[in-house]
Amino acid sequence: MTGLDDISKLYLVTEPVDFRKGIDGLGTYVQSILNTDPFQNAMFVFTNKRYNKLKLLHYDGTGFWLLHKQLSKGTFKWRMSSPDPFLQISPLSSVKVIVSQVSFFV
């Protein structure tokens, strides 16, 4: 992925999202529900209701990247109890670990 070294923030969306949403739908979700700019130097991580899929949304300056991971068995350890719609994670080293080793959540 180009621009991975430039990502400064990682947002973990705490509630499951309808995975029929694509780039436009997730971008709109970031703007309207999270009240955050999807064009910023960040990556947004979403899960589905069954916690067996992840979608990562990132804008690299020229367009959006949408990465999708689906587990063949098992679930992601995602269940968070937070009143906030997302958890913000930085520094950059955390972003690289999570993105490069998605199994970190398993």
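Residues numbered from 1 in each chain as written. Predicted model: local features only at pLDDT ≥ 70, side-chain atom pairs only at ≥ 80, totals over all residues. Heavy atoms only, no water.

Student: Explain the overall build of the chain to me, using residue names and the numbers behind them.
Tutor: What the chain contains, in helices and strands, is two helices and five strands. When burial is assessed residue by residue, the chain has 38% of its 106 residues classed as buried. For the chain, long-range pairs separated by at least 24 residues make up 62% of all intrachain contacts whose partners lie at least 6 apart in sequence. Only carbon and sulfur atoms are counted for the fraction: they give 50% of the accessible area of the chain, which is about 6,100 Å². (Helix = DSSP H or I, 4+ residues; strand = E, 2+ residues; numbered from the N terminus. Buried < 20%, exposed > 50% of the residue type's maximum accessible area, 1.4 Å probe, protein only. Contact = heavy atoms within 4.5 Å. Areas by Shrake-Rupley, 256 points an atom, 1.4 Å probe, with all protein chains shown as cover.)

Student: So what's going on with unusual backbone geometry? Which residues, and what values?
Tutor: Most peptide bonds are trans, and most residues other than glycine sit at a negative phi. In this structure, N35 is a non-glycine residue whose phi angle is positive, near 55°. Assignment of secondary structure puts N35 in the loop between helix 1 (23–32) and strand 2 (42–47). Assessed through its relative accessible area of 67%, N35 is described here as exposed.

Student: Would you mind going over the pattern of salt bridges in detail, with residue names and values included?
Tutor: Under the criterion given, the structure shown has one salt bridge. The partner of D18 in a salt bridge is R20, and the shortest N-O contact between them spans 2.8 Å. (Salt bridge = Lys/Arg side-chain N within 4 Å of Asp/Glu carboxyl O.)

Student: Could you give an account of the pairing of strand 2, naming the residues involved and the relevant values?
Tutor: The element strand 2 is extensively covered by neighbouring structure, given that six of its six residues are classed as buried. A two-sided burial pattern is seen for strand 2, the buried positions comprising A42, F44 and F46 on one face and M43, V45 and T47 on the other. Between strand 2 and strand 3 (residues 53–59), which pair antiparallel one after the other, the connecting turn spans five residues, and Y51 there sits at a positive phi close to 60°. (Pairing = 2+ DSSP bridges.)

Student: How would you explain the nonpolar core if you had to name every residue and give the values?
Tutor: Counting residues in each nonpolar core, the largest one holds 13 residues, and the members touching the most others are L34, F44 and F46. For this core, the elements supplying multiple residues, two or more each, are strand 1 (9–13), helix 1 and strand 2. Ignoring anything within four residues of it in the chain, the contact list for F44 reads Y11, V30, L34, T36, D37, P38, K55, L56 and L57. Membership of the second largest hydrophobic core comes to 11 residues, among which are L10, L54, L56 and W78. (Core = buried A, V, L, I, M, F, W, Y, C linked by side-chain atoms within 4.5 Å.)

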